[in-house]
Amino acid sequence: MTENAWTRWPSREALGREGISRPRRLLAWAVRLLVLGMLLWGAFTGDHVRGWALAGGVAGVLVTAALAWAFWRTTLAHRLWPSVALIAALLGMAIAGQAVGFTVPALVVWCGCAVSSLERLPIAVALPVTSVSLATFAAVNNDVWLTTAVTTAGLALAGYTLRLDSEARGNAQRLLTQERMARAAEAESAALAERSRIAREIHDVLAHSLSAQLVHLEAARLLIERGADRETILERVVAARGMARDGLAETRQALSALRGEMTPLEDFLTEIVATTGGARVTVTGDRKQLSAEASQAVRRVAQEALTNVRKHAPGAKVLLQLDYGEHEVTLDVRDSGGSPGELTGSGGGYGLLGMRERAELLGGSLRAEPDEEGFVVTLKVPA
């Protein structure tokens, strides 16, 4: 529901001091001191100010200052009726001052009420208060009518200008606060995303490493059950230990990659292919710079696919093809098939599922299915 402009208060940011520069604050205090000086001068320079009149003048100045401060506080809190009562009390003080001969202080109070009302009250309330204040000022002021009219118009314009200025400052403060909140939320979101990213990387590395270790340990178990010779069993155990060592190295590499420190993707694929018998890699297209997430996805899929080949089709030939397209990078891992290995049933089968989720988070896709000869895994990620 849209708030009525006539009954809308100036914002608390506009009525407060926040966002006011130091020079402007000094200027505001200078104006207040000037007004107070005028009040004191007007109160104590008249010939009639003696004895009780002097004490009354001092009391009047103090009461007027207290009422003005209270008016500032109630308008800041958007309390309408207390604000109206206080501005009425200030007008009453001006009338009383005029009645007992304190003309200059009364004129200053009327002018202050007119300007402050336009600056700090809703327009529907400010206009009547300002009209009464300026009309009384014009009636009491003994200058020529043209000077009085110009002064009255200038006071009204000054009050409205101060209102517009304070509203502009308040809007700037609200926008600044919203921007700070948005930045804080963005930083928190980025931190959560980074934690999720690190957790996903470590999970994928450990899943691949532990899966590879399981392959060798399961083979060692089967060899022990069949009474194989000690050297054959030891070979499997040593291989599992090597996989554990490689897993730690891959974890460090993943953390380095998250910091932007990683070997080129082509070199990485060449390295993992070199440790797999019967595998080779080809690269086509113009090389493109991938994001750390996309590069890590390609690396993890390549590792997971090779692990699956060793598990399900040992001895099969494997071709890894990396193709840099115009808008995406494709990794295609194909094996020539073969007889199922002894460890086909080992593992939980969640490796490719995790890779598919990773690809989808990047806006890509992963396909894993048998083809005419063996099995094919195809990953596509945006370049």
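Residues numbered from 1 in each chain as written. Predicted model: local features only at pLDDT ≥ 70, side-chain atom pairs only at ≥ 80, totals over all residues. Heavy atoms only, no water.

1. Concerning a nonpolar patch on the surface
We apply this condition: A patch is a set of surface residues, each over 30% in relative accessible area and not in a salt bridge, joined within 9 Å for like charges and within 5 Å for the nonpolar side chains Val, Leu, Ile, Met, Phe, Trp and Tyr. Calculation of accessible area relied on Shrake-Rupley with a 1.4 Å probe; when residues are assessed, cover is drawn exclusively from the protein chains displayed. Salt bridge, as used here, is a side-chain nitrogen of Lys or Arg placed within 4 Å of a carboxyl oxygen of Asp or Glu. Think of it this way: any DSSP run of H or I at least four residues long counts as a helix, any run of E at least two long counts as a strand, and we number them from the N terminus. Exposure classes here rest on a 1.4 Å probe applied to the protein chains alone. A residue is buried below 20% of its type maximum, exposed above 50%, and partly exposed in between.
On the surface, a cluster of nonpolar side chains totalling about 480 Å² of accessible area is made up of V144, W145, L146 and V150. Following the sequence through the fold, W145 ends up in helix α7 (residues 145-225). Exposure remark for W145: the relative accessible area of 68% places this residue in the exposed category.

2. Observations concerning the pattern of salt bridges
For side chains of opposite charge, pairing can occur when their charged atoms come near one another. All chains considered together, the criterion is met by eight salt bridges. Of the charged contacts in the structure, one is a salt bridge between R230 and E231, with a shortest N-O distance of 3.8 Å. Its relative accessible area of 62% is what places R230 among the exposed residues. Residue E231 is classed as exposed on the basis of its relative accessible area, which comes to 53%. Through salt bridges with shared partners, one network takes in E218, R221 and E225.

3. A look at the side chain of S83
Applicable threshold: As used in this structure description, the phrase polar contact means that two N or O atoms lie within 3.5 Å; if the pair is within protein, one of them must be able to donate a hydrogen and the other to accept it, and residues adjacent in sequence are counted only when both atoms belong to side chains.
Considering the arrangement of structural elements, one finds S83 in helix α4 (residues 80-99). Looking at S83, its side chain comes within polar contact range of the main-chain nitrogen of T75, at 3.5 Å.

4. Some remarks on the packing of helix α9 (residues 265-274) against helix α10 (residues 292-312)
Put simply, the rule is: Every axis corresponds to a line fitted to the C-alpha atoms, with the helix fit spanning only the stretch in contact, and the corresponding angles, defined between N-to-C directions, vary from 0 to 180 degrees. To sort the angles, those under 35 degrees are grouped as roughly parallel, those over 145 as roughly antiparallel, those from 65 to 115 as roughly perpendicular, and the leftovers as oblique. Take the far helix as the reference: if the near one is turned anticlockwise from it by less than a right angle, the crossing is left-handed, and if turned clockwise, right-handed. By definition, residues are in contact when any of their heavy atoms lie within 4.5 Å. As a working rule, the residues Ala, Val, Leu, Ile, Met, Phe, Trp, Tyr, Cys and Pro are called nonpolar, Asp, Glu, Lys and Arg charged, and the rest polar, with Gly in that last group.
In the contact formed by α9 and α10, the axes pass within 11 Å of each other and the chain directions differ by 10 degrees. Between α9 and α10, the angle is such that the two are roughly parallel. Between α9 and α10 lies a crossing whose hand is right-handed. Every residue of α10 that contacts α9 at L265, F268, L269 and I272 is listed here: S295, V298, R299, A302, Q303 and L306. Here the residues of the contact of α9 with α10 are counted per class, giving seven nonpolar, two polar and one charged.

5. Focus on the sheet that holds strand β4 (residues 365-370)
Here is the rule: By this definition, two strands are paired if DSSP reports at least two bridges between them.
Pairing is mixed in the open sheet, where five strands are placed in the order β1-β2-β3-β5-β4. The open sheet has two edge strands, β1 (279-285) and β4, and neither has a second partner. Looking at each pair of strands side by side, their axes are set apart by 10 degrees on average, direction ignored. Of the strand pairs in this sheet, strand β3 (residues 328-335) and strand β5 (residues 375-382) are connected by seven bridges, and their pairing is antiparallel.

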